[in-house]
Amino acid sequence: MVKLPLLQRYRALVDLPEHTKLVSLHEGDTPLIPLPRLATELGDGFELFAKFDGLNPTGSFKDRGMTAAVSEALGRGAKALICASTGNTAASAAAYAARAGLRAIVLIPEGKVATGKLAGAVAYGAQVLQIAGSFDKALELVVEISERHPIALVNSLNSYRLEGQKTSAFEIIEELGRAPDWLCLPVGNAGNITAYWMGFRQYHQLHSSGLPRLLGVQAAGAAPLVLGHSVEQPETVATAIRIGKPARGEQALEAAQESGGRIIACSDDEILAMQRRLAAEGVWVEPASAAGLAGLAKEISGGDVDVKGMTVVAVCTGHGLKDPNIISDSMPSPIKIEANYSSLENRLFDYK
Ligand code: AN7
């Protein structure tokens, strides 16, 4: 059976204007993967799942929101789209613009965008411009130009992005039969955590599906929502969330608080350790996408969160292939052996 595009499947729940003209790459419907070994390591008697949103068409969760923002923009006659991006939004905007036949312009922080993301934006035909500044400055610039020229802004300041992104909450509830007890996820510009909270609340109002507590996790070197003030020069190995002034920061803090959860920070080492740990269970995500679970591990081991008997979902926002250099830069070269059977057998079984 042919599956419906995300926005058609959730047509009744997603608020888009009449003029919307669907642009889809069959995003969403991503798997909820059980992580039984990691759960046993982290705590006692709880269920843990990864919502692997890195399995979207361009390799990140951004596609859920981009289908909505680009469909709306196309329907109102936009000819060009623009966004600032740490990489994933750029690749996603480029793909959906290509699909719609629109021009895409993306503004990125120089030298800080992972290889797979930049290559994606280029492959889909976007015009890529980099600035000697952070994501936050790039966002300021694209907001200004979109106000002065007929170029549609597709960052998550565009509320249709959140309309699309909230569908992940619907999918999680439908698969589990109710909302999880905790949802942990990385926080950068804070659109995603805001969208999840919208989605969980909306579904709960309609179907009494319950509400999760939200654990938002920032990188320690880019943790404005933990510090309580913006960060001028954010720095983290998790370049996706290298953001010092989140556009949806206030809403994210409100969402976390209202849910009975919180926003915390993890070090780069904790994030990278969790990236390796997840890969050891067959789920390879980019560094930022391990932040939610790194935060969960920290909260459980510190005694701040008791998960006994609970169901926890960690949102894994981007695929490991987005940032291959994180692995390959520190990777030993593969061992060379002679091209014959005995070399292989000797190597594997340590025969002399
Ligand atoms: C893999 O692409 O901001 O808190 O410009 O790529 O909604 O910003 C990416 C963010 C988490 C944080 N995980 O989500 C961009 C960008 C991954 C990401 C986030 C991002 P928000």
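### Observations regarding the site of the ligand
Okay, step 1: Close to the ligand lie 23 residues, the nearest being Asn88, Thr89, Asn189, Ala190 and Thr317.
Okay, step 2: Between the ligand and asparagine 189, the relevant distance is 2.7 Å, taken from an oxygen atom to a main-chain nitrogen or oxygen of the residue.
Okay, step 3: At 2.8 Å, a backbone N or O of asparagine 192 approaches an oxygen atom of the ligand.
Okay, step 4: For the ligand, whose unbound accessible area comes to 470 Å², protein coverage reaches 99%.
Okay, step 5: Broken down by secondary-structure element, the contributors of at least two residues to the shell around the ligand are helix H4 (88-100) and helix H9 (191-207).
Okay, step 6: Considering only residue class, the shell around the ligand consists of nine nonpolar, twelve polar and two charged.

### As for the pairing of strand E3 (residues 80-84)
Okay, step 1: For E3, the tally of buried residues reaches five of five residues, placing the bulk of the element in the interior.
Okay, step 2: Here E3 shows two buried faces, one formed by Ala80, Ile82 and Ala84 and the other by Leu81 and Cys83.
Okay, step 3: Relative to strand E4 (residues 103-109), E3 is paired through five bridges, and the arrangement is parallel. Within the sheet, the bridge partner assigned to alanine 84 lies in E4 and is leucine 107.
Okay, step 4: Note on the crossover from E3 through H4 to E4: the handedness is right-handed.
Okay, step 5: Sheet analysis places E3 next to strand E6 (residues 152-153), joined by two bridges and oriented parallel. Bridge assignment links leucine 81 to a residue of E6, and that residue is alanine 152.

### Quick word on the nonpolar core
Okay, step 1: The biggest cluster of nonpolar side chains holds 36 residues, and the ones touching the most others in it are Phe46, Leu48, Leu278, Leu293 and Leu296.
Okay, step 2: Of all the secondary structure elements, the ones that give two or more residues to this core are helix H2 (36-42), strand E2 (47-52), strand E7 (182-186), strand E8 (213-219), strand E9 (262-266), helix H12 (268-279), helix H13 (291-301) and strand E10 (311-316).
Okay, step 3: At six residues, the largest contribution of residues to this core is made by H13.
Okay, step 4: Excluding residues within four positions of it along the chain, leucine 48 makes contact with Ile33, Pro34, Leu35, Leu38, Ala39, Leu42, Leu293, Leu296 and Val312.
Okay, step 5: Counting residues in hydrophobic clusters, the runner-up holds 30 residues, among them Leu6, Ala68, Ala255 and Val313.

### Digging into the pattern of salt bridges
Okay, step 1: All told, the structure shown has 19 salt bridges when counted by the stated rule.
Okay, step 2: Residue lysine 308 pairs with aspartate 44 through a salt bridge whose shortest N-O separation is 3.5 Å. You can see lysine 308 sitting in the loop between H13 and E10 and its partner aspartate 44 sitting in the loop between H2 and E2, a full 264 residues away along the chain.
Okay, step 3: Residue aspartate 44 is classed as exposed on the basis of its relative accessible area of 52%.

### A few points about a nonpolar patch on the surface
Okay, step 1: On the surface, a nonpolar cluster with roughly 670 Å² of combined accessible area is contributed by Ile335, Ile337, Tyr341, Leu344, Leu348 and Phe349.
Okay, step 2: Using a relative accessible area of 63% as the deciding quantity, one classes isoleucine 335 as exposed.

### Examining the sheet that holds E4
Okay, step 1: Spatially, the four strands line up as an open sheet ordered E5-E4-E3-E6, and their pairing is parallel. Each having just a single partner strand, strand E5 (127-131) and E6 make up the two edges of the open sheet.
Okay, step 2: Along the sheet, helix H6 (residues 135-148) contacts E3, E4, E5 and E6; its crossing angle with E3, the most-contacted strand, is approximately 155°.

### Considering the side chain of lysine 51
Okay, step 1: Its location among the elements puts lysine 51 in strand E2.
Okay, step 2: Accessibility expressed as a relative area gives 1% for lysine 51, which makes it buried.

### Brief notes about the domain arrangement of the protein chain
Okay, step 1: Taken as a whole, the protein chain is organised into domain 1 (6-59 + 161-324) and domain 2 (62-159).
Okay, step 2: Put simply, the middle of domain 1 and the middle of domain 2, counted by C-alpha atoms, are 22 Å apart.
Okay, step 3: Taken together, the 46 residues of domain 1 in the interface contact 40 residues of domain 2.
Okay, step 4: Of the roughly 3,500 Å² buried where domain 1 meets domain 2, counting both sides, 53% is carbon and sulfur surface.
Okay, step 5: In terms of surface lost to domain 2, no three residues of domain 1 exceed Val23, Arg161 and Lys322, which account for 26% of the buried area on that side.
Okay, step 6: Our count for the domain 1 to domain 2 interface comes out at four salt bridges.
Okay, step 7: Here glutamate 171 makes a salt bridge to arginine 64, at a shortest N to O gap of 2.9 Å.
Okay, step 8: There are 25 residue pairs in polar contact (both at pLDDT 80 or more) connecting domain 1 and domain 2.
Okay, step 9: At the level of secondary structure, the elements contributing two or more residues to the side of domain 1 that touches domain 2 comprise helix H1 (6-9), helix H7 (159-165) and helix H8 (167-176).
Okay, step 10: For the side of domain 1 that touches domain 2, the leading source of residues is H7, giving five residues.

### Topic: the environment of aspartate 306
Okay, step 1: As for its position among the elements, aspartate 306 is in the loop between H13 and E10.
Okay, step 2: Take aspartate 306: its relative accessible area is 58%, and that puts it in the exposed class.
Okay, step 3: On a C-alpha basis, the gap between aspartate 306 and alanine 123 in space is 45 Å, while along the polypeptide they are 183 residues apart.
Okay, step 4: In terms of polar contacts, aspartate 306 uses its side chain to reach the backbone amide nitrogen of lysine 308, at 3.2 Å.

Conventions we followed
- Counting restarts for each chain: residues are numbered from 1 in the order of the written sequence.
- Under the rules for a predicted model, residues below a pLDDT of 70 receive no local features and side-chain atom pairs below 80 are neither given nor counted, while totals for whole chains, interfaces and linings still include all residues.
- Processing note: side-chain calculations cover all non-hydrogen atoms of the structure and skip hydrogens and water entirely.
- Near is defined per residue: the residue qualifies when any heavy atom it owns lies within 4 Å of the molecule or strand.
- N or O atoms within 3.5 Å of each other form a polar contact, as long as, within protein, one can give a hydrogen and the other can take it, and as long as residues adjacent in sequence are counted only when both atoms are side-chain atoms.
- Surface exposure here means Shrake-Rupley accessible area, sampled with a 1.4 Å probe, where a residue is shielded only by the protein chains that are shown.
- A helix here means a DSSP run of H or I that spans at least four residues, while a strand means a run of E at least two residues long, and both kinds are numbered starting from the N terminus.
- Any residue that is not Ala, Val, Leu, Ile, Met, Phe, Trp, Tyr, Cys, Pro, Asp, Glu, Lys or Arg is counted as polar, Gly included; the first ten are nonpolar and the last four charged.
- With a 1.4 Å probe rolled over the protein chains alone, any residue whose accessible area is under 20% of its type maximum counts as buried; one over 50% counts as exposed, and the rest are partly exposed.
- Should DSSP find at least two bridges between two strands, the strands are regarded as paired.
- By convention, orient the strands away from the viewer: a clockwise path from the first strand over the helix to the second makes the crossover right-handed.
- Here, nonpolar core means buried Ala, Val, Leu, Ile, Met, Phe, Trp, Tyr and Cys residues that are tied together by side-chain atoms lying within 4.5 Å of each other.
- The contact definition used throughout considers only heavy atoms, calling two residues in contact when any of these lie within 4.5 Å.
- A pair is scored as a salt bridge if a Lys or Arg side-chain nitrogen falls within 4 Å of a carboxyl oxygen belonging to Asp or Glu.
- Patch membership requires more than 30% relative accessible area and the absence of a salt bridge. Residues of like charge join within 9 Å; the nonpolar side chains Val, Leu, Ile, Met, Phe, Trp and Tyr join within 5 Å.
- A fitted line through C-alpha atoms serves as each axis, taken over the contacting stretch for helices, and the angle formed by two N-to-C directions is quoted from 0 to 180°.
- What marks off one domain from the next here is an automatic or database domain assignment.
- In short, buried area is how much 1.4 Å probe accessible area vanishes from two parts on joining, totalled over both.

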